[in-house]
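In case you want the letters, here they are:
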Amino acid sequence: MLRFCLRKSLKPGVPGQRHGPARGFYSNGRKRTVAAYIDGLLDGPFIAYKRGGAKKAVGAYRAGKVHGAWTRWFRNSLDRGRYVEGEKHGKWVTELYDGGRLEGGYDAGRKHGVWLTFAKGNAKTGEEFYENGRPDRTWRGWYADGKLRFEGTWVNGRKNGTWRSWHSNRKLESTVAYVDGRRHGEQLQFYGNGKQRARGHYAKGRRTGIWVFFYDDGSKRSEGSYADDRKIGTWHEVDRKGAPIRTVDWDALRAKMAQGREVDLARPATPHTIQRQP
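Residues numbered from 1 in each chain as written. Predicted model: local features only at pLDDT ≥ 70, side-chain atom pairs only at ≥ 80, totals over all residues. Heavy atoms only, no water.

A.B. asks: Honestly, the overall build of the protein in this entry has me stumped. Any pointers?
C.D. replies: Within the protein one finds one helix and 24 strands. Split into buried and exposed, the 278 residues of the protein put 33% on the buried side. Considering only intrachain contacts with a sequence separation of at least 6, the fraction spanning at least 24 residues in the protein is 7%. Accessible area of the protein: about 16700 Å², with a carbon and sulfur share of 50%. (Helix = DSSP H or I, 4+ residues; strand = E, 2+ residues; numbered from the N terminus. Buried < 20%, exposed > 50% of the residue type's maximum accessible area, 1.4 Å probe, protein only. Contact = heavy atoms within 4.5 Å. Areas by Shrake-Rupley, 256 points an atom, 1.4 Å probe, with all protein chains shown as cover.)

A.B. asks: Would you mind going over the layout of surface pockets with me for this structure?
C.D. replies: Empty space left among the atoms is revealed by rolling a probe the size of a water molecule over them. As a volume, the largest pocket reaches approximately 230 Å³. Considering the residues around the largest pocket, the lining is formed by 12 residues, among which Ser222, Lys231, Trp235, Glu237 and Arg246 are closest to the centre. Broken down by secondary-structure element, the contributors of at least two residues to the lining of the largest pocket are strand S22 (220-227), strand S23 (230-238) and strand S24 (244-249). When residues in the lining of the largest pocket are grouped by element, the largest group, four residues, is from S23. Residue classes in the lining of the largest pocket are distributed as six nonpolar, two polar and four charged. Within this model, the second largest pocket holds a volume of roughly 170 Å³. Thr33, Phe46, Ala48, Lys50, Lys56, Ala57, Tyr61, Trp70, Arg72, Trp73 and Phe74 are the residues that line the second largest pocket. For the lining of the second largest pocket, the elements supplying multiple residues, two or more each, are strand S5 (44-49), strand S6 (55-62) and strand S8 (68-73). Residues belonging to the lining of the second largest pocket are distributed by class as follows: seven nonpolar, one polar and three charged. (1 Å grid on protein atoms, 1.4 Å probe; cavity = no way out; pocket = protein on both sides within 12 Å on 5 of 7 lines; lining within 4 Å. Points joined across faces, edges and corners; volume = space filled by probe spheres on them. Nonpolar A, V, L, I, M, F, W, Y, C, P; charged D, E, K, R; others polar.)

A.B. asks: What exactly am I supposed to notice about the pattern of salt bridges here?
C.D. replies: If charged atoms from side chains of opposite charge come close, those side chains can pair. Within the structure shown, the criterion is met by 15 salt bridges. Close ionic contact of Arg140 with Glu127 constitutes a salt bridge, the shortest N to O distance being 3.9 Å. You can see Arg140 sitting in strand S15 (residues 137-142) and its partner Glu127 sitting in strand S13 (residues 124-131), a full 13 residues away along the chain. As a salt-bridge pair, Arg240 and Asp217 come within 3.7 Å of each other at their nearest N and O atoms. In this pair, Arg240 sits in the loop between S23 and S24 while Asp217 sits in the loop between strand S21 (206-214) and S22, placing the two residues 23 residues apart along the sequence. Take Arg240: its relative accessible area is 44%, and that puts it in the partly exposed class. The class of Asp217 is partly exposed, set by a relative accessible area of 41%. (Salt bridge = Lys/Arg side-chain N within 4 Å of Asp/Glu carboxyl O.)

A.B. asks: Is there a simple way to think about helix H1 (residues 250-258) in this case?
C.D. replies: Helical geometry: 3.6 residues make up each α-helical turn, so side chains three or four residues apart lie on a common side. Of all the residues in H1, the buried ones are Trp250, Ala252, Leu253 and Lys256. Buried positions in H1, seen along its axis, are confined to an arc of 155 degrees and lie on one side of it. On the buried face of H1, the contacting elements are S23 and S24. Here H1 starts with a cap whose side-chain oxygen sits 3.0 Å from the backbone nitrogen of Asp251, and that cap is Asp249. Taken from the residues just after H1, Gly260 is the one with a positive phi, measuring 80 degrees. (Arc of directions from axis to C-beta. Polar contact = N/O pair within 3.5 Å; in protein donor to acceptor, adjacent residues only side chain to side chain.)

A.B. asks: Would you mind showing me how to read the nonpolar core here?
C.D. replies: Here is a general trend for soluble globular proteins: nonpolar side chains tend to be buried in one another's company. Leu42, Phe46, Tyr61, Trp70 and Trp92 are the most contacted members of the largest nonpolar core, which totals 20 residues. Those elements that provide at least two residues to this core are strand S3 (31-38), S5, S6 and strand S18 (172-179). Excluding anything up to four places from it in sequence, Leu42 contacts Ala35, Ala36, Tyr37, Tyr61, Arg62, Ala63 and Gly64. Judged by nonpolar contacts, the second largest core, of seven residues, contains Tyr202, Tyr226, Trp235 and Leu253. (Core = buried A, V, L, I, M, F, W, Y, C linked by side-chain atoms within 4.5 Å.)

A.B. asks: Would you explain the pairing of S21 in this entry?
C.D. replies: Consecutive side chains of a regular strand alternate in pointing toward one face of the sheet and then the other. Pairing geometry for strand S20 (residues 196-203) and S21, over five bridges, is antiparallel. If you follow His201 over to S21, its bridge partner there is Thr208. In this structure, the hairpin formed by S20 and S21 is closed by a connection of two residues, where Lys204 is found at a positive phi of approximately 55 degrees. In the sheet, S21 pairs with S22 via six bridges, with the strands oriented antiparallel. Bridge pairing links Phe213 to Ser222 in S22. Following S21, the chain reverses through five residues before pairing antiparallel with S22; Gly218 in that reversal takes a positive phi of roughly 95 degrees. (Pairing = 2+ DSSP bridges.)

This is the structure we're talking about:
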């Protein structure tokens, strides 16, 4: 329960409104807030404390709105920046307790311009751009040793074009095509040794057509088709030597499930494996 010690306004016309210094306390008696009011609105320096006594936030209010420099402490980080009439404005920095940080600018409460992330030791690990709160232009991420981790482009707040990512050994990890914010076109995934992991297509954000998956030695693992982001038809899975593991007819499977019948996808491929019903 929060308790306040207040000095009431003595001004005519505002009876009962908070006015002047005010303090709030936790039920254990520890201080929770130190603030000031003018005519019922927070106005002036403000400090909030955690239950254990450590500071939670330090800043100021003006006419009931956060205004000026603020610092806030969280479990794994602290934020520093300025407010103007209740909106974040100018440079803000998030300092991570592991030594990393995130910094960038706000304009009227919306992210704007370049935002950068840094790992411990000041190595740049991310570069983002915003236009009036919307992601824009090319974004990049790096590993702590400076190797490129991913790269892709935003247009009007939506991903567009081909986004690529790399393993820490600089081998290509994935390529994904986007159109107007949705995956559209071929997607490729690779293991760290350079062998292909998966290959397939998206249409307006949903998997479609034939998809193929591979083991890390390059041998095929499974293959089948998608339609509207659902597996359809017969899917085959084999071991690294090409011996059958299981074969599943997804149309038959759904028919069995619709009838309330039990199915077992863990069993190996046999003459009794689920087949399409007549």
